[in-house]
Amino acid sequence: MAYILVTGAARGIGHTLVERALARGDTVIAAVRKPEDSKRFPPSDRLRVVLMDVSDSSSVERAFEEVDRWLSGIHLDSIVHCAAISAPGAIELTPVSEFDAHLNTNTIGSLRIIQAAIPRLRGHGGRLVLVTSLWGQASGALLGAYCASKHAIESLADTARRETAGTNLHIIVAEPGVVVTDMLTGQAQTAKAHIDKMSDHERSLYGTLYRRYFKLVSNASGITPEQCAAGIERALFDPRPATRYRIGKDSRIVCMLNWLLPDRWMDGLMGLSLNNKPLPADGA
Ligand SMILES: NC(=O)c1ccc[n+]([C@@H]2O[C@H](COP(=O)([O-])OP(=O)(O)OC[C@H]3O[C@@H](n4cnc5c(N)ncnc54)[C@H](OP(=O)(O)O)[C@@H]3O)[C@@H](O)[C@H]2O)c1
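Residues numbered from 1 in each chain as written. Predicted model: local features only at pLDDT ≥ 70, side-chain atom pairs only at ≥ 80, totals over all residues.

**What to know about the site of the ligand**
Around the ligand sit 28 residues in total, of which Gly 8, Gly 12, Ala 83, Ala 84 and Thr 181 are the nearest. Broken down by secondary-structure element, the contributors of at least two residues to the shell around the ligand are helix 1 (12–24) and helix 5 (182–197). When its residues are assigned to classes, the shell around the ligand shows 14 nonpolar, nine polar and five charged. (Near = placed C-beta within 6 Å. Helix = DSSP H or I, 4+ residues; strand = E, 2+ residues; numbered from the N terminus. Nonpolar A, V, L, I, M, F, W, Y, C, P; charged D, E, K, R; others polar.)

If you want it as structure tokens, here you go:
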């Protein structure tokens, strides 16, 4: 049975991956950010919860040292890096500090994981799966910070894979489309909070876009965390793993169109996904 470490394990896709791995009989290290989240898992002698804040280098180092002590020489088979943040906001209106937070948590957080993972997975066919998004390939309005952070992870993954070629290590990207988790609820709440505190000038420029985004994300349908976890598990267990796994029909379609179509056509399609939603009355 496999030894798997999952980051962002407190909620959503990461939590589902942990549950499924335990049910399969694997041994799991669940990395969570908050101490109280260690209680979110069923008791098991095949589970170890470690505290890891991926936005903090020393926290990541401490967590991996603890993992090494616990495994005491046993190889990790795989690491699935799920931890990330996502808050919508127009580029013109979003403070640089918000971009900083996304890039530090999502991109530099992934870099911290990649650096810790390579020496621990190399040489025995270990697999690192970095969960990005369809937004690691395409770009969408109000998702500038998130998209930039995920695009950069895609590049880090390609670079690290090429640098470690031939060392019996797999670095794989998983690109889900929409998955119904707290992330969507959080995006809707953030969009609503922005709408509520916009100045009249900001509202005249971006109010409609934010309200359409709020409507879109509030009503979004997508795959379940279980379906997403099953897609990620293909990256973990396929005998000859691909470099990228597009999970969900929306991810496959958007990534393919983004590759195929000229920019202006993509602008139109992305606009349609927001503009053809019915607009609620003022103030909604
Ligand atoms: N949901 C989607 O539609 C979707 C689509 C494509 C890709 N993805 C990607 O899939 C992954 C999982 O997303 P999800 O939908 O499961 O999100 P989620 O339900 O919001 O869970 C995110 C997880 O990341 C953790 N996290 C956030 N900041 C962290 C930090 N600094 N250190 C450690 N952990 C941190 C959270 O812990 P706390 O509870 O402590 O904040 C939480 O456990 C993410 O990489 C996301 O970008 C999601």
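**Thoughts on unusual backbone geometry**
Phi at Ser 72 is positive, roughly 30°, even though this residue is not glycine. With respect to the helices, strands and loops of the structure, Ser 72 is situated in the loop between helix 2 (57–71) and strand 4 (78–81). Note on Ser 72: 6 C-beta atoms within 10 Å, which makes it exposed. In the Ramachandran plot, Asn 168 falls in the positive-phi region, its phi being about 55° despite a non-glycine side chain. Within the element layout of this structure, Asn 168 appears in the loop between helix 4 (144–163) and strand 6 (169–176). (Buried ≥ 20, exposed ≤ 12 C-beta atoms within 10 Å, placed from the backbone.)

**Re the pairing of strand 1 (residues 3–7)**
Burial analysis of strand 1 places four of its five residues in the buried class, the great majority of the element. The pairing of strand 1 with strand 2 (residues 27–32) spans four bridges and is parallel. Bridge pairing in strand 2 places Leu 5 opposite Ile 29. On the question of chirality, the crossover connecting strand 1 to the parallel strand 2 by way of helix 1 is right-handed. With four bridges joining them, strand 1 and strand 4 adopt parallel strand pairing. When the sheet's bridge partners are listed, Thr 7 is paired in strand 4 with His 81. (Pairing = 2+ DSSP bridges. Right-handed = clockwise from strand over helix to strand, strands pointing away.)

**Examining the packing of helix 1 against helix 7 (residues 225–237)**
For the pair helix 1 and helix 7, the least separation of the axes is 9 Å and the interaxial angle reads 70°. As judged from the angle between their axes, helix 1 and helix 7 are roughly perpendicular. Crossing handedness for the pair helix 1 and helix 7: right-handed. Contact with helix 1, carried on its side by Gly 12, Ile 13, Thr 16, Leu 17 and Arg 20, involves Pro 225, Glu 226, Cys 228, Ala 229 and Ile 232 of helix 7 and no other residues of that element. (Axes fitted to C-alpha atoms, helices over the stretch in contact; angles between N-to-C directions. Parallel < 35°, antiparallel > 145°, perpendicular 65-115°, else oblique. Left-handed = near helix turned anticlockwise from the far one by under 90°. Contact = placed C-beta atoms within 7 Å.)

**Let's talk about the environment of Glu 175**
Here Glu 175 is to be found in strand 6. With residues near it in sequence (within four places) discarded, Glu 175 still touches Thr 132, Ser 133, Leu 134, Gly 136, Gln 137, Arg 244, Tyr 245, Arg 246, Ile 247, Ser 251 and Cys 255.

**Brief notes about the nonpolar core**
Ranked by internal contacts, the top residues of the largest apolar core, which has 53 residues, are Val 6, Ala 31, Val 80, Leu 128, Val 129, Ala 174 and Ile 232. Sequence-distant contacts of Val 80, defined by excluding residues within four places in its chain, comprise Ile 4, Val 6, Leu 17, Val 129, Val 131 and Ile 232. One finds Ala 138, Ala 145, Ala 191 and Phe 214 within the second-largest nonpolar core, a separate group that totals 15 residues. (Core = buried A, V, L, I, M, F, W, Y, C linked by C-beta atoms within 7 Å.)

**A closer look at the sheet that holds strand 2**
The strand order 3-2-1-4-5-6-7 describes an open sheet built from seven strands, whose pairing is parallel. Lying at the two open borders of the sheet, with one neighbouring strand each, are strand 3 (47–51) and strand 7 (244–247). Direction aside, neighbouring strands of the sheet carry axes that sit 15° apart on average. In this structure, strand 5 (residues 126–131) lies alongside strand 6, joined through six bridges in parallel fashion.

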